[in-house]
Structures are given as C-alpha cells and as structure tokens.
Amino acid sequence: MMQNSSTTPEPVALLKARVFALVEACPTGRVTTYGWIGKALGYPRGARMIGWIMNDAHEGVPAQRVVNSKGELSGSWAFGQKGRMRELLEAEGIEFSGEDRVDIKRYGWDPSRDLDAEELQQIVSAATPDNSGSSKRLLFLLQNDPASPLREELQ
C-alpha cells in the first residue's frame, strides 16, 4: 500500500473531496463513469485523472458505482478479490450483459444530466477535504502525467 502524503496540495485535496462527493451522490442501483464525473467537475477530458483519484478512495465511498464509458468494471482490481466489484453492484440490483458490462443507458447516472445546476453546485461546494492525504503515486501522476489537467497548476 502506498504511503499517504501529509503535504497534499490544496487543489488535489479539494478535487478528491469533490470527486468522492459526486460518487457518494450516485444513487444505489446506478453507475456513473470516470468521464461523467470529470465533466461535471469541469474536466471534460479528465476521465483518467478521475480513475487515479478513485484509487485513493477511502472506505465508505461507493467506488463500485464508477465504471468506464463502455460499462466495464475497469477498476475492479482495486476491490481486493476477483468479482468483488461485480458482487457489490449485483447486490444493488444491477444486471450485467453477456459481455460482463453494465448497460450504461439503463443504469447510467450522469451528474451533469441527472442533477440540475443548483443540485450539482450544492454537492460540489459542500465537499470538504479530509485529512487522509494522497498517495505519492496520485500526486506524481497529477503533477507529471501528460494527461493530467492539473499538471501545470501543480508545478
């Protein structure tokens, strides 16, 4: 397990809190995508970044509700055992296709579409960073990866 940094830059801590707040707002029995979360937070090309942040999710964040844009369980390895992410989603009533995908049209929850602007703003503005810090890997990716929307800001 990666060590957490006690010197997480403020923009990273706040972004993490906002990502987790939106994931927590995703209703039981629905899924959202990395891209939809990114878009709702003003990073329309930030799906990869949202995935990195989800790897830092703490207990209590329903991370199983975040899938890729094809409905695939791309983050399932983070649940510790094969099939655990799927089990959690099935327990919420989500059914899978023959290709082991979630039907995004049926179960998808896009905060930009399914919340009005005021609701979205309330969720995002109420998010407060916790003291858990961020993994060194997350900070490295956000500061150095060419796909990071925060790369310039964190230099």
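Computed from a predicted model, the values in this text were never measured in an experiment.

What counts as what
Residues numbered from 1 in each chain as written. Predicted model: local features only at pLDDT ≥ 70, side-chain atom pairs only at ≥ 80, totals over all residues. Heavy atoms only, no water. Helix = DSSP H or I, 4+ residues; strand = E, 2+ residues; numbered from the N terminus. Buried < 20%, exposed > 50% of the residue type's maximum accessible area, 1.4 Å probe, protein only. Contact = heavy atoms within 4.5 Å. Polar contact = N/O pair within 3.5 Å; in protein donor to acceptor, adjacent residues only side chain to side chain. pLDDT = per-residue confidence, 0-100. Core = buried A, V, L, I, M, F, W, Y, C linked by side-chain atoms within 4.5 Å. 1 Å grid on protein atoms, 1.4 Å probe; cavity = no way out; pocket = protein on both sides within 12 Å on 5 of 7 lines; lining within 4 Å. Points joined across faces, edges and corners; volume = space filled by probe spheres on them. Nonpolar A, V, L, I, M, F, W, Y, C, P; charged D, E, K, R; others polar. Axes fitted to C-alpha atoms, helices over the stretch in contact; angles between N-to-C directions. Parallel < 35°, antiparallel > 145°, perpendicular 65-115°, else oblique. Left-handed = near helix turned anticlockwise from the far one by under 90°. Phe/Tyr/Trp six-rings, centres within 6.5 Å; stacked < 30°, edge-to-face > 60°. Lys NZ or Arg CZ within 6 Å of the ring centre and 35° of its normal.

J.: Whenever I open this one, the overall build of the chain confuses me. Can you help?
T.: On a plain count of helices and strands, the chain comes out with eight helices and four strands. Secondary structure of the chain in N-to-C order comes out as β-α-β-α-α-β-α-α-α-α-β-α. Counting only C-alpha atoms and orienting by the principal axes, one finds that the chain spans roughly 45 × 35 × 25 Å. Counting across all 155 residues of the chain, residues that qualify as buried make up 45%. Counting contacts in the chain only where the partners sit at least 6 residues apart, residues at least 24 apart contribute 71% of the total.

J.: I would appreciate a short explanation of the environment of Arg86 in the present structure.
T.: Position of Arg86 among the secondary structure elements: in helix H4 (residues 84-91). Along the chain, Arg86 and Leu73 lie 13 residues apart, while their C-alpha atoms are 7.6 Å from each other. Of note is the side chain of Arg86, whose polar atom sits 2.5 Å from the side chain of Asp100.

J.: Could you clarify how one ought to interpret unusual backbone geometry in this entry?
T.: Note: most residues except glycine have negative phi, and most peptide bonds are trans. Residues other than glycine seldom take positive phi values, yet Asp100 does so here, at roughly 60 degrees. Here Asp100 is to be found in the loop between H4 and helix H5 (104-107).

J.: I'm lost on the confidence of the model for the chain in this one. Help?
T.: Low-pLDDT stretches of the model should not have their predicted coordinates read in fine detail. For the chain, mean pLDDT is 90; residues scoring 70 or higher make up 95% of the total. Low confidence marks residues 1-7, where pLDDT is under 50. Its contacts with residues over four positions away, or in another chain, come to twelve contacts.

J.: Can you walk me through the nonpolar core in this structure?
T.: As a rule of thumb, nonpolar side chains are buried together in soluble globular proteins. If you look at the biggest cluster of nonpolar residues, it comprises 29 residues, and the most contacted ones within it are Val19, Met49, Met54 and Leu142. Taken together, the elements giving at least two residues each to this core come down to helix H1 (10-25), helix H2 (34-40), helix H3 (47-54), helix H7 (117-126) and helix H8 (136-144). Excluding its chain neighbours within four sequence positions, the residues that come into contact with Met54 are Val19, Phe20, Val23, Tyr34, Val61, Ala63 and Val66.

J.: How do you make sense of the layout of surface pockets when you look at a structure like this?
T.: Once rolled over the atoms, a probe with the size of a water molecule shows which space is left empty. There is about 880 Å³ of room inside the largest pocket. Lining the largest pocket are 32 residues, and of these Met54, Asn55, Asp56, Ala57 and Ala78 lie nearest its centre. Mapped by element, the contributors of at least two residues to the lining of the largest pocket are H3, H4 and H8. No other element matches H3, which puts five residues into the lining of the largest pocket. Of the residues that constitute the lining of the largest pocket, the class distribution is 16 nonpolar, eleven polar and five charged.

J.: I keep staring at the packing of H3 against H8 and nothing clicks. Help me out?
T.: The relative placement of two packed helices is expressed as an angle between their axes plus a distance between the axes. The geometry of H3 relative to H8 is characterised by a closest axis approach of 9 Å and an angle of 165 degrees between their N-to-C directions. The orientation of H3 relative to H8 falls into the category roughly antiparallel. Pair H3 / H8 crosses with left-handed handedness. Where H3 abuts H8, its residues Met49, Trp52 and Ile53 lie against Leu138, Leu141 and Leu142. Of the residues that constitute the contact of H3 with H8, the class distribution is six nonpolar, no polar and no charged.

J.: Please explain the packing of aromatic side chains as it appears in this structure.
T.: In this description, an aromatic ring pair is defined by two values, namely the gap between the centres and the angle between the planes. Scanning the entire structure with this criterion turns up zero aromatic pairs. Over the aromatic face of Trp36 sits the side chain of Arg113, whose NZ or CZ is 5.6 Å from the ring centroid.

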